[in-house]
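Read off the chains here:
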Amino acid sequence: MTLKIDIDDSAAPYEQVRAQISEQARAGTLPVGYRLPTVRGLAESLGLAANTVAKAYRALEADGVIETRGRNGTFVAAAGPAAEREAAAAAQVYAERARRLGLDEATALATVRDALRAGYGRDRKG
């Protein structure tokens, strides 16, 4: 596992850790079942506070990317179908909220497209 923290990046260090582990898991660079370093170990190797790495691990666990197995450690989870189910549930919540706010379908969809472009690091024209 290779992670690089860019102190000049606008993203917080925990978000950089979260995003890089998530991307490596999604790409298969970190295969399902791969044992991640301990919070303390990763923090030391990256020169970060343990709480920063712990925050990233908590976010990854909430996203279904990793799973903690008690004292056995933290592992890359089989997140495909679980991640898709969670995304579908979030989309349903958004659709209901957009309708309650009085947005028409086209406006609600345009808002999602903008959010996805921003979230995946592409500009509005990309």
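Reference entry: report on the structure contained in this document. Everything quoted here is computed from the prediction, not taken from an experiment.

Definitions and limits used
Residues numbered from 1 in each chain as written. Predicted model: local features only at pLDDT ≥ 70, side-chain atom pairs only at ≥ 80, totals over all residues. Heavy atoms only, no water. Helix = DSSP H or I, 4+ residues; strand = E, 2+ residues; numbered from the N terminus. Buried < 20%, exposed > 50% of the residue type's maximum accessible area, 1.4 Å probe, protein only. Polar contact = N/O pair within 3.5 Å; in protein donor to acceptor, adjacent residues only side chain to side chain. Contact = heavy atoms within 4.5 Å. Phe/Tyr/Trp six-rings, centres within 6.5 Å; stacked < 30°, edge-to-face > 60°. Lys NZ or Arg CZ within 6 Å of the ring centre and 35° of its normal. Salt bridge = Lys/Arg side-chain N within 4 Å of Asp/Glu carboxyl O.

**Remarks on the overall build of the chain**
Part 1 of the reasoning: Each helix and strand in the chain was counted, giving five helices and two strands.
Part 2 of the reasoning: The order of α-helices and β-strands along the chain, N terminus first, is α-α-α-β-β-α-α.
Part 3 of the reasoning: Oriented by its inertia axes, the alpha-carbon framework of the chain measures out at about 50 × 35 × 25 Å.
Part 4 of the reasoning: Split into buried and exposed, the 126 residues of the chain put 23% on the buried side.

**Some words on the side chain of Gln-16**
Part 1 of the reasoning: Checked against the element boundaries, Gln-16 lands in helix α1 (residues 13-27).
Part 2 of the reasoning: A distance of 2.9 Å separates the side chain of Gln-16 from the backbone oxygen of Ala-11, its partner in a polar contact.
Part 3 of the reasoning: Discounting residues that sit within four places of it in the chain, Gln-16 has contacts with Lys-4, Ile-5, Asp-6, Asp-9 and Ala-11.

**What about the packing of aromatic side chains?**
Part 1 of the reasoning: Per the counting criterion, the structure on display carries zero aromatic pairs.
Part 2 of the reasoning: Residue placement shows Lys-55 over the ring face of Tyr-14; its charged tip is 4.2 Å from the ring centre.
Part 3 of the reasoning: Its end group placed over the ring of Phe-75, Arg-69 keeps NZ or CZ at 4.0 Å from the ring centre.

**Describing the pattern of salt bridges**
Pairs can form between side chains of opposite charge once their charged atoms are near each other.
Part 1 of the reasoning: As enumerated under the stated definition, the model contains five salt bridges in all.
Part 2 of the reasoning: Here Arg-18 ties to Glu-15 by a salt bridge, and the two come within 2.6 Å at their closest N and O atoms. On the criterion of helical spacing, the pair formed by Arg-18 and Glu-15 is a turn pair, its members being three residues apart in helix α1.
Part 3 of the reasoning: Here Arg-26 ties to Glu-23 by a salt bridge, and the two come within 3.0 Å at their closest N and O atoms. Here Arg-26 and its partner Glu-23 are both found in helix α1, three residues apart, which amounts to about one turn of the helix.
Part 4 of the reasoning: For Glu-23, a relative accessible area of 40% corresponds to the partly exposed category.
Part 5 of the reasoning: Via salt bridges that share partners, Glu-15, Arg-18 and Asp-63 belong to a single interconnected network.

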